[in-house]
Amino acid sequence: MDKTLPTEDLPEIWAEIASAMRTEVSPYTFDRWFKEIELVELTPQHLTLRAPNNIYQFWIESNYIHLLQSAILLVLRSPRTVKFALCEKPHEARSAAVHPEPIEKEKAEEKQEKETETESAGATTTLGMNSRNTFEAFVVGPTNQFAQAACKAVADAPAKTYNPLFIYGGVGLGKTHLMHAIGQHINGKKKGSKIVYITSETFTNEFIDAIQNNTLIKFRKKYRQADVLLIDDIQFLADKGRTQEEFFHTFNALFDGRKQIVLSSDRPPSEIASLETRLVSRFEWGLTAELQVPDTETRVAILRKKAEGMSIKLLPEVFQFLAERIRTNVRRLEGALTRVASYASLNEGRSPNVEKLEQLLKDILHEEARRSITIDQIQRRVAEHYDVRLADMTSKRRPQNIAFPRQIAMYLARELTKTSLSEIGNAFGGRDHGTVLHAHRLVKEKILKDDKTRHAVSLLDSQLSR
Amino acid sequence: MKFSVSKEKLLAGLQTVQNVVSTRTTLPILSNVLLQAENGQLRLTTTDLDVGVSGSVDALIERPGSTTLPARRLATIVRELPAAEIQIDVDSKNVAAIRCGQSFFKILGLPEEEFPPLPKFEDAKTFAISQQALRDALKKTSYAISTDETRYVLNGILFSFKENKLTLVATDGRRLALVDLEVEFPRSQEVELIVPSKCVTELSRILGDAGDIKMSVGENQVAFQAGETLLISKLIEGNYPNYRQVIPGEAKERVALEREQFLNAVHRVSLLSSDKSNSVKLVFTKNNIEIAANTPDVGEAKETLPVAYKGREFSIAFNPEFLMAPLRALSNDEVYLDLIDEMSPGVIKIQSPFLYVLMPMRIS
């Protein structure tokens, strides 16, 4: 592993850093403090400068370290800690300048070995990501292009572009895929970067363990020394006050240390219930990128790519069918494809036709159809079923023969759509969420007791979900 | 042992030595003062193992002997006693009975044998330095001592005896103060040593206005003897940085400033420099300096001083505390500020051999 850069490049790298410094300090300062400096070692974590004696170290550390670090950032594109190696007797060092190379190399090799050791030990703990989730495997379409581009930018230059990066989007749209891709891209590019990928649930569990076993220091060390911290499903931090607080400090430590933070969630930061506002504001600090449901073309592209990966051949209309019928969730799309693929492999590689598909994917399609039910459809259907006017669904009148169907409709709206209580209330003529909740509870009880109601509800349900 | 001594003398003796007394209680004996009575003298000694001080006062010795007593407690008692003769009688169990007028105190001491002896000096290099000059030189340098413990070689003052000169240097990496003193010594005695900050503080305390102090430099310790008072300290081991590297070359501009006026102006303006951007800006124009500071969201301050300045117009910013420290320590009416450019260090000089290098702050 090329942990330490070859020594012959060091003078050139130093020359670049030095010329960046030259523009920042006066010629007097440069000549006095930076002319005699040599770069003797460069690793991903630090660089070592050799100075004639300790006054250089004291003075540079006190006065020029920030300039030096920004010059390093400019040249090496990532921050390093600056160390000094002193040759206390300048005359000796100069006369020995022809010979000291082997010693330095030996030292560098020693260090290299040490670091390789620590890295291989850390390799299993730092990753834990699916190796198939790469940028190459991610199908880009108009709805996820922005998020993908943001992730790519972050992976190319961690902590320089968007920090923190907050990715959000519904289930199965590729949040985790993108996070893994970032982690693996950085890991591939810069060996030895400490990458920590974790779900917020694991974070919580480890935090609780750490409290119980009194190993908070170790816990903090693990997270606060990361170069890149990827936290998946951050919405699970909601309601966990102490974990949020701990995470807040972790976040600050990393952010102040200019480390990259990437977070994912199923909704934007401001909509995560009971997440502390200071966390919300921090999450919104960097870039927030949304992953939306891919359009049909993208879904077809995803299917083709996946099918390629499974090395199966399918009829074009199969792709079209799947892409059109399964709209909301890429994961479900892949599940359907897997099922089709296994069917094909059981039938000597023959691709199923559309009728076969319908039967094969019955349950998935049914689930999928549910998602697209609107309150309006429910209202129509229920009004039709009970033979009341559609207007009665939203009217203020409440005789029993109207009120009950309305309650059934509200129940179905709550069961079959993802709409919130207050939205359902609004759709039913501006009723408040309490009314909807009451209707839901009432119908639910009635289903248990009354066969007629149960029958009606299940009939309506199946009609709507068809 | 038994002796009597006047309150003033005993109190003066205790005050000379009590600052060294360790506040750490790991070794109880270190919070005690060693009292030795013989030949008409009462000798008082304290140490914290790094620095030790010893002084003596005239006393009427009735029964010679020695003991150790809690230094701070003894000093508090003596301070409160009426101005009169104090009689102290210590029995063989180190219990001291203190009588003064109608007051009586009994305090428990520790045996003399437990007290760590001060180191002896053999084949040391000795120097005689004017007390007044040394006191003045310490005052002009000691404020620049670094308190950063990771740079322990900077936690003291460098005493460099070379070519019939004693050079004192203190720096913390952002500023450097230096004084040269004329001292006579043979070439064979040239030596460099780093005297720790605590010893410098004690030394400033014992230095008087007249006469010389005798300085003895041993292997890794130093002793200062002024009259009856002896101060012994360990030295900081290590190499003091090559401070000459820090001193800028020839200055481009020189401004003569009235010290007090300039100090007061900087002080007033610095009231509106913030903790975050702790700087005051000096803007030089023809025959004028404008001193300015501002803190976003708070306000700003400006003050102009007429000066004899004919150089180019430019501005430079300094940390106000670092700028004021030497101005406070100096006593000259006029100081010179030498400058090269905005980003190079400024140097404060006076007519005598002193200089103070101060790093500028970046003007944002």
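Whatever comes next refers back to the structure up there.
The written sequence of each chain sets the order in which its residues are numbered from 1. Here the convention is simple: chains get letters from A, ligands get numbers from 1, in the order in which they are written. Side-chain atom pairs in this predicted model are given and counted only at pLDDT of 80 or more, local residue features only at pLDDT of at least 70, and totals for whole chains, interfaces and linings cover all residues.

Below, the discussion takes up the overall build of chain B. Counting its secondary structure elements, chain B contains 6 helices and 25 strands. Here chain B holds 364 residues, and 39% of them are scored as buried. A sequence separation of at least 24 residues applies to 66% of the contacts in chain B between residues at least 6 apart. Every helix listed is a DSSP run of H or I at least four residues long, and every strand listed is a run of E at least two residues long, numbered separately from the N terminus. Neighbour counting defines burial: a residue surrounded by 20 or more other C-beta atoms within 10 Å of its own C-beta is buried, one with 12 or fewer is exposed, and intermediate counts give partly exposed, using backbone-placed C-beta atoms. A pair of residues counts as a contact when their C-beta atoms, built from backbone coordinates, are separated by no more than 7 Å.

Another aspect to go through is helix H6 (residues 320-329) of chain B. Among the residues making up H6(B), those that are buried are Pro320(B), Phe322(B), Leu323(B), Ala325(B) and Pro326(B). Buried residues belonging to H6(B) abut strand E13 (175-182), helix H5 (259-270), strand E19 (280-285), strand E22 (314-318), strand E24 (346-349) and strand E25 (354-358) of chain B.

Next up on the list: the pairing of E25(B). Residues and elements named next belong to chain B. Across the 5 residues of E25, 4 count as buried, placing the element largely inside the fold. When DSSP finds two or more bridges between a pair of strands, those strands are recorded as paired. Summarising the sheet, E13 and E25 pair through 5 bridges and their orientation is antiparallel. The residue bridging leucine 178 from the neighbouring strand is leucine 355, located in E25. Strand direction decides the pairing type here: E24 and E25, joined by 4 bridges, are antiparallel. When the bridges of E25 are listed, isoleucine 348 appears paired with tyrosine 356. From the end of E24 to the start of E25, which pair antiparallel, there are 4 residues.

With that out of the way, let us pick up the sheet that holds strand E2 (residues 46-51) of chain A. Residue and element names in this part refer to chain A. If you walk across this open sheet you meet the 3 strands as E1-E2-E3, and the pairing is mixed. Each of the sheet's edge strands pairs with one partner strand only, and the pair in question is strand E1 (38-42) and strand E3 (81-86). Pairs of neighbouring strands in the sheet enclose a mean axial angle of 30°, with direction left out of account. Where E2 meets E3, 6 bridges bridge the pair, whose relative direction is parallel. Within the sheet, the bridge partner assigned to threonine 48 lies in E3 and is lysine 83. With axes taken as lines fitted to C-alpha atoms, and helix axes fitted only over the stretch in contact, angles between N-to-C directions fall between 0 and 180 degrees. Contacts from helix H3 (residues 54-76) reach E2 and E3, with the element oriented near 150° to E3.

Looking now at the interface of chain B and chain A. Taken together, the 16 residues of chain B in the interface contact 13 residues of chain A. Polar here means any residue other than Ala, Val, Leu, Ile, Met, Phe, Trp, Tyr, Cys and Pro, which are nonpolar, and Asp, Glu, Lys and Arg, which are charged; Gly is therefore polar. Classifying every residue of the side of chain B that touches chain A by side-chain character gives 8 nonpolar, 5 polar and 3 charged.

It is worth spelling out the pairing of strand E3 (residues 41-47) of chain B at this point. Residue and element names in this part refer to chain B. In terms of burial, E3 is largely enclosed, as 6 of its 7 residues are buried. Inspection of the sheet shows strand E2 (residues 32-38) paired to E3 by 5 bridges, in the antiparallel sense. When the sheet's bridge partners are listed, glutamate 38 is paired in E3 with glutamine 41. Linking two consecutive strands that pair antiparallel, namely E2 and E3, is a turn of 2 residues; a positive phi of about 50° is found at asparagine 39 within it. Two elements, E3 and strand E4 (residues 51-58), share 7 bridges in a ladder whose sense is antiparallel.

Before going further, it helps to examine the packing of helix H19 (residues 400-416) of chain A against helix H21 (residues 433-449) of chain A. Residue and element names in this part refer to chain A. One way to put it is that H19 packs onto H21 with a least axis distance of 8 Å and a crossing angle of 95°. Put simply, H19 runs roughly perpendicular to H21. Across the interface between the two elements, Gln407, Ile408, Met410, Tyr411 and Arg414 of H19 pack against Val436, Ala439, His440, Leu442, Val443 and Lys444 of H21. When its residues are assigned to classes, the contact of H19 with H21 shows 7 nonpolar, 2 polar and 2 charged. When an angle is under 35 degrees it counts as roughly parallel; over 145 it counts as roughly antiparallel; between 65 and 115 it counts as roughly perpendicular; any other value is oblique.

Taken by themselves, the reported measurements are silent on function.
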